[in-house]
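The primary structure of each chain is shown beneath.
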Amino acid sequence: MRYRALPLLGLAIACASASYTVTATTPTPKPVADVYACVRAGITPIGYTQTSYDVETHRLTARRYNEAVRRPDVRFRRMVDELEIEVRPDSGERSAIVVSSRTFAEYMTERGQTLVQEAASDSAQAAGQSVLAACGH
């Protein structure tokens, strides 16, 4: 009898959990290759460093470290803003840009570097919007 409520409890917990990633999508009339080149060129001026990219699937990730944030925890090191950008084909010659903005708190523990995801910071969201604005027209 007690185990009947277990699936309902699991479903309630899954539905109540918050999503820390902020995703934005915009269509563009340009071809995928041109938009991907624009995105790759546009992340450096906004202070991000490209950490990985895949030319075949038109995806990349970029990070920016924020050393100015302080917390009362000796293990806390810094905040990390991350953008994951994907350019995918849309109808016809059009394409779509999908930008996922994330923020992590970086801690140094006995096991080494540990990233804990938090709600996306305002600066990460603004950076994602600036990429969309620069390459989405």
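Model, not experiment: these values are computed from the prediction. (Residues numbered from 1 in each chain as written. Predicted model: local features only at pLDDT ≥ 70, side-chain atom pairs only at ≥ 80, totals over all residues. Heavy atoms only, no water.)

A. Up close: helix H2 (residues 32–42). Within H2 the residues assigned to the buried category are Val 32, Val 35, Tyr 36 and Val 39. All buried residues of H2 project into a common sector of 100 degrees when viewed along the axis, lining one side. Counted as exposed and oriented over 90 degrees from the buried face of H2: Ala 33 and Ala 41. Those residues of H2 that are buried lie in contact with strand E1 (22–28), strand E2 (49–54), strand E3 (59–66), strand E4 (76–89), strand E5 (95–109) and helix H3 (122–135). (Buried < 20%, exposed > 50% of the residue type's maximum accessible area, 1.4 Å probe, protein only. Helix = DSSP H or I, 4+ residues; strand = E, 2+ residues; numbered from the N terminus. Arc of directions from axis to C-beta. Contact = heavy atoms within 4.5 Å.)

B. Molecular detail of the pattern of salt bridges. Overall, the coordinates contain 11 salt bridges when judged by the stated rule. Its salt-bridge partner being Arg 78, residue Glu 106 comes within 3.0 Å of it at the nearest N-O pair. With Glu 106 in strand E5 and Arg 78 in strand E4, this residue pair connects regions lying 28 residues apart in the sequence. Overall, the relative accessible area of 0% leaves Glu 106 in the buried class. If you follow the salt bridges from partner to partner, you end up with Arg 59, Arg 63, Glu 82, Glu 84 and Arg 102 in one network. (Salt bridge = Lys/Arg side-chain N within 4 Å of Asp/Glu carboxyl O.)

C. Spotlight on the pairing of E2. Inspection of the sheet shows E2 paired to E3 by 5 bridges, in the antiparallel sense. Residue pairing across strands places Asp 54 opposite Arg 59, the latter belonging to E3. A loop of 4 residues connects E2 with E3, the two strands running antiparallel in sequence, and His 58 in this loop sits at a positive phi of about 55 degrees. (Pairing = 2+ DSSP bridges.)

D. Region of interest: the state of the cysteines. One pass over the structure, following the stated rule, counts 1 disulfide. Across a sulfur-sulfur distance of 2.1 Å, Cys 38 and Cys 135 are joined as a disulfide pair. One quick way to see it: the torsion about the S-S bond of Cys 38 and Cys 135 is about -85 degrees, and its sign makes the bridge left-handed. Of this pair, Cys 38 sits in helix H2 while Cys 135 sits in helix H3, placing them 97 residues apart in sequence. Exposure remark for Cys 38: the relative accessible area of 25% places this residue in the partly exposed category. We classify Cys 135 as buried; its relative accessible area is 2%. (Disulfide = S-S within 2.5 Å.)

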